[in-house]
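# Structural overview
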Amino acid sequence: GKSFTRTGLVKPCRLLSPLPVVQISERPLVHQESLPKLPVPPLQQTCSRYLASLEPLISAEEMTHTRELMDEFLRPGGIGERLQKSLERRARKTENWLSDWWMQWSYLDSRMPVAMYTSPGVVLPKMHLQDRQGQMRWVTMCTDGSVCFNGRSLLWHSHTLPVEYLGGKPLCMDQYYQVLSSCRIPGPKRDTVVNYAVGKTPPTHITVVHNFQFFVLDVYNSDGSPLTVDQLYVQLEKIWNSSLQSNKEPVGILTSNHRNTWGKAYNNLIKDKTNKESVRAIQKSIFTVCLDAPKPRVSDEMYFNKVAAQMLHGGGSRWNSGNRWFDKTLQFIIGEDGSCGLTYEHAPAEGPPIVFLVDHVVDYMKRSEMVRTPMIPLAMPQKLRFNITPEIKKDIEKAKQNMNIMVNDLDVRVLNFTHYGRKFPRSHKMSPDAFIQMALQLAYYRMYQTCCPTYESASLRMFKLGRTEAIRSTTTESLQFTKAMDDPSKQVQKAALLEEAIKVHRKHTHMAIHGQGIERHMLGLRMIAIEDLTSLPDIFMDTSFAVASHFNLYTSQVGSKTDCVMCLGPMVPDGYGICYNPMDDHINFAVTAFNSCEETNATRLSQFLEDSLLDMKTLLEQVSKTQ
């Protein structure tokens, strides 16, 4: 059962955690079987930590009321103990007591559109493409790198996909096998995700969409060998040249609609046999490549904001929102102007596998050359046909209108913070992640003179089939620090308060990634109550519970070796979505907010964030001088 690591194959990288993640080449399955199961935290621990997390957020009166409800919930032999026992029973009987519930509750039951609401976008560094040939070469290399990755991920039992380690413990690699050849399928009340890679004959094609027209591109020869870079280039050229008309119906825009609306339109669309076959071909493809039409030119300053928006939603029906199939797990997006990135449907996987794939593809493209190989004539890639009835046309028009409203409502700001990166907090023996979280707390406090519920994603991949936990970044200690920062009478204490706030954040992070978080345990108790009881316990009906779960700051560190940035929409109408990628000497941020909310403003928050990061640096440097 022992597996040996191959020396020289250890690459450190940082993914969604304050500890470095290390990749080591060995058999993933050996570890998959030995991973521990996600624990159910002690009830008393979660409840007291929940009350502590409310302290900075609610009034003393509300706190008194919530404590009374909690005492009732925790009564010996009472409802809390009963729910805890049922949850522990479920944990014994399942591989992971949380993962199915999480996928259903967080994604598949949600009826909001996936574009902007749950699907993140990733902006890659701008490619300086001189012409369309440059775009096609880039697409070819990107496709080739991803097909190579697909070959590795299909070889589940082989030595090809390195196992990741965090703090010396192996991580669950399951999500890596959910990203390719999978797709979300709309349902009238609940969606499903289908992974076609697990069948007897895994898919051998990708889909390419250009000017709203979808094509099947076989990326493997009949003998199972992948197409060469040359062959891919020729096939992509054929697709491009046969889809130059730009007046086609954007069937793909249907996938951007409210899930119930799309569920009905979907059933209507696939009544037709041709349409059904075309939809199946898209769903079964390994991934989708979107060849985007050029966007209106913008200033250099606005460029990355616009590209981030393009990755999230395509820019509206006039531009590229119809050049997508938003249900597809993975879509690479390449514009003629050199803008490139991807968007992914969030239900099957978190950011790390996506970023791992991005790093692989970018690295692969640096090492690969366009090699001329003897050309075997290949068949023309098949164009997918859709029969558009008047009813489908009406559905498309509705989806266009809805998408344009959403596009106009989302404000996206990319902040490339160039003054320093993760090396600076490390030089002061501080966690870069906790440091950035405190800068976010300070920025928000300065803008609103109050703190707010804050959600930071943490990975549960130390456990079998682990997904995410939430770190509640707003604490009594973070509030003390943010209040002191601009208080002249607290000059001496500021640095110590920052240090204390960071220490507490580190502790919460450690507990979260070790399966001792608050958020998912509370969700589990609530789900058991929904299944077992006639009514929800009062603690879940309490106003404080609603207040604490209304995350005005929805944040995620998605670290990557590539100089990219991930972006996602806010979780609540009056909130912000914030992603960051800390590099050694700079930090990439993407901040989103809704224009329809008068209180939020992504540009202003970005400015406060930049100032907060600079002021925190000054603070630590002053302290260093005096010591």
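Residues numbered from 1 in each chain as written. Predicted model: local features only at pLDDT ≥ 70, side-chain atom pairs only at ≥ 80, totals over all residues. Heavy atoms only, no water.

## Considerations on the overall build of the protein chain
From N to C terminus, the protein chain includes 20 helices and 20 strands. Taken against the 2.2 N^0.38 rule, which gives 25 Å for 627 residues, the C-alpha radius of gyration of the protein chain at 25 Å falls within 12% of a compact globule. Once the C-alpha set of the protein chain is aligned to its principal axes, its extents read approximately 75 × 60 × 55 Å. Burial analysis of the protein chain (627 residues in total) assigns 60% to the buried set. For the protein chain, restricting intrachain contacts to residue pairs at least 6 apart in sequence, the fraction spanning at least 24 positions comes to 75%. (Helix = DSSP H or I, 4+ residues; strand = E, 2+ residues; numbered from the N terminus. Rg over C-alpha atoms; globule rule 2.2 N^0.38 Å. Buried < 20%, exposed > 50% of the residue type's maximum accessible area, 1.4 Å probe, protein only. Contact = heavy atoms within 4.5 Å.)

## Describing the layout of surface pockets
Taken as a whole, the largest pocket encloses approximately 980 Å³ of empty space. Lining the largest pocket are 39 residues, with W102, W105, S106, Y554 and M571 positioned closest to its centre. Only helix 5 (99–108), helix 11 (351–367), strand 15 (454–459), helix 17 (519–532), helix 19 (543–548) and strand 17 (553–557) provide two or more residues apiece to the lining of the largest pocket. Per-element tally for the lining of the largest pocket: the top contributor is helix 17, with five residues. Tallied by class, residues from the lining of the largest pocket come to 24 nonpolar, 10 polar and five charged. Estimated volume of the second largest pocket: approximately 510 Å³. Every residue lining the second largest pocket is counted, 22 residues in all, and those nearest its centre are E301, N305, V414, L415 and N416. Counting residues per element, the ones that place at least two in the lining of the second largest pocket are helix 10 (300–313), strand 14 (410–417) and helix 20 (602–626). The biggest single contributor to the lining of the second largest pocket is helix 10, with five residues. Counted by class, the lining of the second largest pocket contains nine nonpolar, eight polar and five charged residues. (1 Å grid on protein atoms, 1.4 Å probe; cavity = no way out; pocket = protein on both sides within 12 Å on 5 of 7 lines; lining within 4 Å. Points joined across faces, edges and corners; volume = space filled by probe spheres on them. Nonpolar A, V, L, I, M, F, W, Y, C, P; charged D, E, K, R; others polar.)

## Things to note about empty space enclosed by the protein
Applying the stated criterion to the full structure yields seven cavities of 30 Å³ or more. Looking at the largest cavity, its volume works out to about 80 Å³. As for the largest cavity, its lining consists of R49, S53, A470, I471, R472, H508, A512, G517, I518 and E519. Of all the secondary-structure elements, those providing two or more residues to the lining of the largest cavity are helix 2 (43–54), strand 16 (468–472) and helix 16 (494–513). The element that contributes the greatest number of residues to the lining of the largest cavity is strand 16, accounting for three residues. Looking at the lining of the largest cavity, its residues break down into four nonpolar, three polar and three charged.

## Description of the sheet that holds strand 16
For sheets, the rule is that strands pair by backbone hydrogen bonds, running either parallel or antiparallel. As summarised here, the arrangement of the six strands in space is 14-20-19-17-15-16, forming an open sheet in which the pairing is mixed. Bordering the open sheet on either side are strand 14 and strand 16, each of which pairs with just one other strand. The average undirected angle you get between the axes of adjacent strands in this sheet is 20°. In terms of strand pairing, strand 15 meets strand 16 through five bridges, oriented antiparallel. For S459, the partnering residue across the bridge sits in strand 16 and is T468. Strands strand 14 and strand 20 (587–594) of the sheet are contacted by helix 10, whose axis makes an angle of about 130° with strand 14. (Pairing = 2+ DSSP bridges. Axes fitted to C-alpha atoms, helices over the stretch in contact; angles between N-to-C directions.)

## A look at the pairing of strand 4 (residues 163–166)
Side chains of strand 4 alternate between two faces, with V163 and Y165 and E164 and L166 buried alike. Of the strand pairs in this sheet, strand 4 and strand 5 (residues 169–170) are connected by two bridges, and their pairing is antiparallel. When the sheet's bridge partners are listed, L166 is paired in strand 5 with K169. Linking strand 4 back to strand 5 in an antiparallel pair, the connection comprises two residues, with G167 at a positive phi of about 55°.

## What about the side chain of N96?
Position of N96 among the secondary structure elements: in the loop between helix 4 (79–93) and helix 5. Side-chain polar atoms of N96 contact the backbone nitrogen of S99, separated by 3.0 Å. Here K464 takes part through its backbone oxygen, which lies 2.8 Å from a polar atom of the side chain of N96. (Polar contact = N/O pair within 3.5 Å; in protein donor to acceptor, adjacent residues only side chain to side chain.)

## Considerations on the UniProt feature "active site" (unreviewed entry) in the protein chain
According to UniProt, the "active site" (unreviewed entry) feature falls on H346. Inspection of the secondary structure assignment puts H346 in the loop between strand 12 (340–344) and helix 11. Discounting chain neighbours no more than four positions away, the residues touching H346 are Y107, T118, S119, P120 and R467. At 3.0 Å, the side chain of H346 and the backbone oxygen of A349 are in polar contact. (UniProt positions renumbered as here; feature names shortened; annotations may be inferred.)

## Remarks on the pattern of salt bridges
All told, the structure shown has 26 salt bridges when counted by the stated rule. The partner of E55 in a salt bridge is R67, with the nearest N and O atoms 3.4 Å apart. Within this pair, whereas E55 is found in the loop between helix 2 and helix 3 (60–73), its partner R67 is found in helix 3, the two being separated by 12 residues in sequence. Of the residues examined, E55 reaches a relative accessible area of 43% and is grouped as partly exposed. With a shortest N-O distance of 3.3 Å, K400 and E397 are connected by a salt bridge. Of the two residues, K400 and E397 are both situated in helix 12 (residues 390–409); the distance of three residues between them amounts to about one turn of the helix. Under the relative-accessibility criterion, E397 is labelled partly exposed at 30%. A cluster of three or more residues bridged by salt bridges with shared partners is formed by R111, R184, D191, R259, D327 and E345. (Salt bridge = Lys/Arg side-chain N within 4 Å of Asp/Glu carboxyl O.)

## Examining the packing of aromatic side chains
Under the definition given, this model contains 20 aromatic pairs. With a centroid separation of 5.9 Å and 80° between ring planes, the pair formed by W262 and W325 is classed as edge-to-face. Taken together, the residues W262 in helix 8 (residues 259–269) and W325 in the loop between helix 10 and strand 11 (330–335) connect sequence positions 63 residues apart. On the accessibility criterion, W325 (0% relative accessible area) is buried. With a centroid separation of 6.3 Å and an interplanar angle of 70°, the aromatic rings of Y420 and F435 are classed as edge-to-face. (Phe/Tyr/Trp six-rings, centres within 6.5 Å; stacked < 30°, edge-to-face > 60°.)

## Comments concerning helix 10
Here helix 10 contains 14 residues, and its C-alpha end-to-end distance of 20 Å stays within 8% of the 20 Å for a straight helix at 1.5 Å per residue. Of the residues trailing helix 10, G314 is marked for its positive phi of about 90°. (Expected span 1.5 Å × (residues − 1).)

## Things to note about the nonpolar core
Core analysis: the largest hydrophobic core is formed by 99 residues, its most contacted members being F73, F287 and L330. Of the residues forming this core, the biggest block, eight residues, is contributed by helix 11. If we ignore the near neighbours within four places in the chain, the residues touching L330 are V179, L180, F287, T288, L342, T343, I354 and L357. A309, L410, C567 and A590 belong to the second largest nonpolar core, which has 45 residues in total. (Core = buried A, V, L, I, M, F, W, Y, C linked by side-chain atoms within 4.5 Å.)

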